[in-house]
Amino acid sequence: FVSAKINKKFDLIIGNPPYIRWKNLEDDLKQELSTNTIWNKYFNSLCDYLYIFILKSIELLNEKGQLIFICPEYWMNTTHSISLRNFMVSNGYFEEIYHFNETPIFDKVTVSIVIFKFVKSKQSKGKIKVAKYYANQKLTVETLTKLKFQEDFKDAEYLQVSQFKKNERWLLQSDEVREELKILENNCVKKTQNSLLNLFNEEKLEFNTIGDVCDIGNGLVNGLDKAFQVNGFLLNEHEKKATLNVVKAKDLKPFFAESVTKYIFIKDGLNETEVIEIYPNFYQHFQKYKEDLDKRYQYNRKINYWEWVFLRNFTLFSKRDKRIFVPCKERISNKNYFRFALVDKATFPTQDVTAIFKKANTKESLEYILAYLNNPIIFDWLKCNGIVKGNIVEFSEKPIASIPFRIIDWNNSNELFLHNTITETVKQYLKTKMQSDIDTINYSFNKLFEIT
Ligand SMILES: C[S@@+](CC[C@H](N)C(=O)[O-])C[C@H]1O[C@@H](n2cnc3c(N)ncnc32)[C@H](O)[C@@H]1O
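Residues numbered from 1 in each chain as written. Predicted model: local features only at pLDDT ≥ 70, side-chain atom pairs only at ≥ 80, totals over all residues. Heavy atoms only, no water.

Focus on helix H19 (residues 435-449)
Item 1. With 15 residues, H19 extends 21 Å between its outermost C-alpha atoms, agreeing within 8% with the 21 Å of an ideal straight helix rising 1.5 Å per residue.
Item 2. If you check which residues of H19 are buried, you get Asp437, Ile438, Ile441, Ser444, Phe445, Leu448 and Phe449. The buried residues of H19 occupy an angular sector of 135 degrees when the element is viewed end-on, so they sit on one face. Away from its buried face by more than 90 degrees, H19 exposes Gln435 and Tyr443.
Item 3. Here the buried face of H19 lies against helix H6 (175-188), strand S9 (255-256), helix H15 (366-373), helix H16 (376-385) and helix H18 (413-432).
Item 4. A positive phi of about 60 degrees marks glutamate 450, the residue just after H19. (Helix = DSSP H or I, 4+ residues; strand = E, 2+ residues; numbered from the N terminus. Expected span 1.5 Å × (residues − 1). Buried < 20%, exposed > 50% of the residue type's maximum accessible area, 1.4 Å probe, protein only. Arc of directions from axis to C-beta. Contact = heavy atoms within 4.5 Å.)

If you want it as structure tokens, here you go:
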């Protein structure tokens, strides 16, 4: 297909084209592409074999001809497919897009799949009919039929989306969300970058990020959670000191944590006799879990059954600062908010939680950062740009670090005022839990983002 000389034009091209990243292409295919006029005009060695199938197919269509492909969705969003997207925007419009997220459609293929119908046209264009399906289950004819006729059911979402424009990423989101995200990104863009460059490539935009202002770490791993929880049994004085305060993911709410769970935490380097002597109640408690504790992953060293297996980020967590906790994973099918919560110093996260600390040179308050992360606009940003698998958003170190951050211009008295209002209102909300405080916080952010 790549080299074929095709002299006819078509009303309909339908297919399941190949998709292979350049680096995985066989040498003879690379060779073939490197002498191909279309490839050389639009693409390069950062592109995908798929792109030429889409572009050449559109060239082969008559005016009003249709291209219907089932293929991965990544090219709708990546930097190196910009020339393909701009070509499509200039040569026609989308009528329908079906987005299947993690639904396993082809055996052994794990990428998200889309089916799109593109019409080659010089005429005006209406909105795109978008259907999204979120269930991580095999597709049935029944499901497909429902999606086609936009019948409401769990795990389906329908949107009318304006036609895409040149030089933008294609987000399958409502126009309001697309507009809101543009505002957010404009607010967070680094001021120092070469603005001339950005005129030509919007995707080169660099943001101030949460990673610039915060240190982030995933929680400590014990390998068998229930064995380490202190559940009401009596403790001697040594044992009382050998515990950690932990906030579990299930106890996190937006802005605050509901309760603290005590965990056994015996320092490394003791032998069993010493443990029996100093921590007799803990020793007793561990006996019923001993077999399972010995089966824990050993991280290439011998770990005694009363010890935690992986104290990652322990130094960070030992800082004498307040911190923000967030569950490592959050299912968003049934809620439209995340749970970033402020917790006290000397409170530790376990493996189900990621902790966020203000860097020493960060001027914005931790309350401001907390409110920022809980803002609805960040929810929308993460839904579109975060690591989303099926319906679950992942909050490990990297995705949190990449969230764009709205820094405060400290020379601007209005921004200073809004920062302080947000900070004080968060403090007040943590005491009173009044909904009106949340309204004030969101109102202040809208002012800061200049959303009217
Ligand atoms: C994703 S598979 C789809 C297979 C089949 N159409 C289906 O739906 O089961 C892509 C197909 O494109 C074929 N292919 C790869 N390079 C091609 C080329 N340059 N010209 C024509 N077909 C090609 C592959 O052999 C493969 O069968």
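After presenting the structure, the write-up continues.
Some remarks on the site of the ligand
Item 1. All residues adjacent to the ligand are Phe1, Val2, Asn16, Pro17, Pro18, Tyr49 and Phe53.
Item 2. Here a nitrogen atom of the ligand sits 3.0 Å away from a polar atom, N or O, in the main chain of phenylalanine 1.
Item 3. Between the ligand and asparagine 16, the relevant distance is 2.9 Å, taken from an oxygen atom to a side-chain nitrogen or oxygen of the residue.
Item 4. Against a free-state accessible area of 580 Å², the protein chains account for coverage of 40% of the ligand. (Near = heavy atom within 4 Å. Polar contact = N/O pair within 3.5 Å; in protein donor to acceptor, adjacent residues only side chain to side chain. Areas by Shrake-Rupley, 256 points an atom, 1.4 Å probe, with all protein chains shown as cover.)

Some words on the domain arrangement of the protein
Item 1. Partitioning the protein into domains gives domain 1 (10-172) and domain 2 (212-225 + 243-264 + 308-449).
Item 2. Placing a centre on the C-alpha atoms of domain 1 and another on those of domain 2 gives a separation of 36 Å.
Item 3. Each partner contributes residues to the interface: domain 1 has 4 residues there, and domain 2 has 5 residues.
Item 4. For the pair domain 1 and domain 2, the two sides together bury roughly 460 Å², of which 47% comes from carbon and sulfur.
Item 5. On inspection of domain 1 and its partner domain 2, the count reaches 0 salt bridges.
Item 6. Residues belonging to the side of domain 1 that touches domain 2 are distributed by class as follows: 2 nonpolar, no polar and 2 charged. (Domains from an automatic or database assignment. Buried area = accessible area lost by both parts, 1.4 Å probe. Salt bridge = Lys/Arg side-chain N within 4 Å of Asp/Glu carboxyl O. Nonpolar A, V, L, I, M, F, W, Y, C, P; charged D, E, K, R; others polar.)

Notes on the sheet that holds strand S14 (residues 353-358)
Item 1. Read across the sheet, 5 strands follow the order S7-S14-S11-S13-S9 without closing on themselves; strand pairing throughout is mixed. What marks the edges here is a single partner per strand, and that holds for strand S7 (214-218) and S9.
Item 2. As judged from the 4 bridges shared by strand S11 (residues 323-327) and S14, these two strands associate in the antiparallel manner. Looking across to S14, one finds that phenylalanine 325 is bridged to alanine 355.
Item 3. Lying over the sheet, H15 contacts S7, S9, S11, strand S13 (341-343) and S14, oriented at roughly 20 degrees with respect to S11. (Pairing = 2+ DSSP bridges. Axes fitted to C-alpha atoms, helices over the stretch in contact; angles between N-to-C directions.)

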